[in-house]
Amino acid sequence: MAEAIVAGHLCLDILPAFVSDQGNDLALYLAPGRLTEVGPTTLSTGGPVSNAGLNLHRLGIHTQLMAKVGDDLWGQAILDIVRSQGLGLAEGMIVVPDEASSYSLVIDPPGVDRAFLHCPGTNHTFGADDVRYDLLADARLFHFGYPPLMTRMYADGGQELGEMFRRAKETGVTTSLDLVMPDPSGPSGQADWPLILTRALPYVDLFVPSVEELLFMLRREQFDALTSQVGAANLLEALTIEEILSLGNKVLTMGAKILLLKLGTRGLYLRSGDQLCDLGRGAPPYLPAWTGRQLWVPCFQPDRVVSTVGTGDAAIAGFLAALLRASGPELALNVSVAAGACCVEEPGALGGVRTWEKTLARMEAGWARLHLDLETHSWRWHGDVTVWRGPDDSG
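Quick caveat: nothing in here was measured; it's all calculated off a predicted structure.

Calculation notes
- Residues numbered from 1 in each chain as written.
- Predicted model: local features only at pLDDT ≥ 70, side-chain atom pairs only at ≥ 80, totals over all residues.
- Heavy atoms only, no water.
- Helix = DSSP H or I, 4+ residues; strand = E, 2+ residues; numbered from the N terminus.
- Rg over C-alpha atoms; globule rule 2.2 N^0.38 Å.
- Buried < 20%, exposed > 50% of the residue type's maximum accessible area, 1.4 Å probe, protein only.
- Contact = heavy atoms within 4.5 Å.
- Areas by Shrake-Rupley, 256 points an atom, 1.4 Å probe, with all protein chains shown as cover.
- Lys, Arg positive; Asp, Glu negative; His and termini not counted.
- Charge placed at Lys NZ, Arg CZ, Asp CG, Glu CD.
- Polar contact = N/O pair within 3.5 Å; in protein donor to acceptor, adjacent residues only side chain to side chain.
- Pairing = 2+ DSSP bridges.
- Axes fitted to C-alpha atoms, helices over the stretch in contact; angles between N-to-C directions.
- Phe/Tyr/Trp six-rings, centres within 6.5 Å; stacked < 30°, edge-to-face > 60°.
- Lys NZ or Arg CZ within 6 Å of the ring centre and 35° of its normal.
- Salt bridge = Lys/Arg side-chain N within 4 Å of Asp/Glu carboxyl O.

Let's talk about the overall build of the protein chain
No. 1: Helix and strand content of the protein chain: 14 helices and 16 strands.
No. 2: Computed over the C-alpha atoms, the radius of gyration of the protein chain is 20 Å, within 12% of the 21 Å expected from 2.2 N^0.38 for a compact globule of 395 residues.
No. 3: Judged by the C-alpha coordinates and their principal axes, the protein chain covers about 60 × 50 × 45 Å.
No. 4: Residues classed as buried in the protein chain amount to 55% of the 395 residues present.
No. 5: The contacts of the protein chain with a sequence gap of at least 6 include a subset with a gap of at least 24, amounting to 75%.
No. 6: A total of about 16200 Å² of accessible surface is found on the protein chain, and carbon and sulfur atoms cover 52% of it.
No. 7: Taking the average location of the 29 positive side-chain charges in the protein chain and that of its 46 negative ones, the two points are 5 Å from each other.

Next up, the structure:
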């Protein structure tokens, strides 16, 4: 039986290799009427089912993937890639006739933040009844990703998403939810995300979004105002620590038990509730180490940055693998940022992440960190992790 089942959005990523550096402006590569020569194309599966699921498998967790593809060439390519990664990984896949498989054209020039042209395809029709709850009943972890790219999951105020997590939680499995940025001008950008998350989060044990996604969904006016002031590319750096902490507090009041917040080059922030009960079969054996914690870990310094595609999913895979290996929160956070740093060193989302043993060995070999300036006396170092003590703690 699989230890982890990873479900949700799955697509085929098409990544052309850029052979020349034209500068740090994406428009220089995609100017109207211009032909930009590229190198060979890399085909890989994308989305959390692939990026988190296959990297969990690489980190030594027995994993099964659960998603929908069409009976077209793209769908066959997706299944071939998944099956090539390991026996049994694709047994939870659904192939549907007369629907287009999902694909993304990934524009990722050197020195430029990547852009995507995405067709959601069969992901839009994935619903609560597509989950194999009989398989969940024998697993320890159920991780679901990217409902903003799955129409049925955010339609009708998220009733389908809430129902799916309710039924999953009834099996006794530990549940995990990841997000992706909605399209601000599309249907997902107009959805009532506070309502959707209010329905889902009471059944979510581990909530693992990015801070930009969370700000967009819970505080849209602030997101829009800040974006207009500093630009989308600078939004992360413009957020204050107090604003990030406030978002963490809000998530816990909505029902999630543990929040892992992705902060890009600023690292990871973990916030857990004061009452951790009913975490399911994937729960760590010593819950006091996880209870009532606020931790912030800086990123490791990669040897090179080839591609940032799938970095967040790789970090999540590291975190979930550590959790399932009964690690404490400090080790789980450090494995998470280690997996993310390894991911950016190779093209695509699957080439860089190493085995569990090799990841730990690299961490233990004195791996340098990116600089982290928390700009407040209220944070202090605790080993390799920054621990929030509160403004009244003078220790």
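Thoughts on the side chain of Arg266
No. 1: You can see Arg266 is positioned in the loop between strand S12 (258–262) and strand S13 (268–272).
No. 2: From its side chain, Arg266 meets the backbone oxygen of Leu239 in a polar contact 2.9 Å long.
No. 3: Once residues lying within four places of it in the same chain are set aside, the contact partners of Arg266 are Leu236, Glu237, Leu239, Ile241, Ile244, Trp296, Val297 and Leu372.

Thoughts on the sheet that holds strand S2 (residues 11–18)
Pairing between sheet strands relies on hydrogen bonds along the backbone, with the strands arranged either parallel or antiparallel.
No. 1: Strands sit in the order S3-S2-S7-S8 across an open sheet of four strands; the sheet is mixed. The sheet is open, and its two edges are formed by strand S3 (38–46) and strand S8 (115–119), each paired on a single side. Taken pair by pair, the neighbouring strands of this sheet meet at an average axis angle of 20°, ignoring direction.
No. 2: As paired strands, S2 and strand S7 (residues 103–107) are joined by three bridges and run parallel to one another. Residue pairing across strands places Ile14 opposite Leu105, the latter belonging to S7.
No. 3: Against the sheet, helix H2 (residues 73–85) makes contact with S2, S3 and S7, and its axis sits at roughly 85° relative to S2, the strand it touches most.

With respect to the packing of aromatic side chains
No. 1: Taken as a whole, this structure holds ten aromatic pairs when the rule is applied.
No. 2: With a centroid separation of 6.4 Å and 35° between ring planes, the pair formed by Phe142 and Phe144 is classed as tilted. Each member of the pair Phe142 and Phe144 is classed as buried.
No. 3: Residues Phe144 and Phe165 carry aromatic rings whose centres are separated by 6.2 Å and whose planes lie at 85° to one another, so their mutual orientation is edge-to-face. Residue Phe144 is found in strand S9 (residues 141–145), and its partner Phe165 is found in helix H5 (residues 159–170); the two are separated by 21 residues along the sequence. As far as the burial class goes, Phe144 and Phe165 line up, both buried.
No. 4: Among the aromatic residues, those joined into a ring-pair cluster are Phe126, Phe142, Phe144 and Phe165.
No. 5: Between the NZ or CZ atom of Arg369 and the centre of the ring of Phe300, over which it lies, the distance is 3.9 Å.

Some details on the pattern of salt bridges
No. 1: Following the criterion strictly, the structure yields 16 salt bridges and no others.
No. 2: Measuring nitrogen to oxygen at the nearest pair gives 2.9 Å for the salt bridge that ties Asp129 to Arg167. Residue Asp129 is found in the loop between S8 and helix H3 (133–136), and its partner Arg167 is found in helix H5; the two are separated by 38 residues along the sequence.
No. 3: For Asp129, a relative accessible area of 61% puts it in the exposed group.
No. 4: Note that Arg354 and Glu345 form a salt bridge whose closest N and O atoms lie 4.0 Å from each other.
No. 5: Residue classification places Arg354 among the partly exposed positions, given a relative accessible area of 31%.
No. 6: What emerges from the salt-bridge pattern is a single network uniting Asp303, Glu345, Arg354 and Arg362.

Function-wise, these values are silent; they only describe arrangement.
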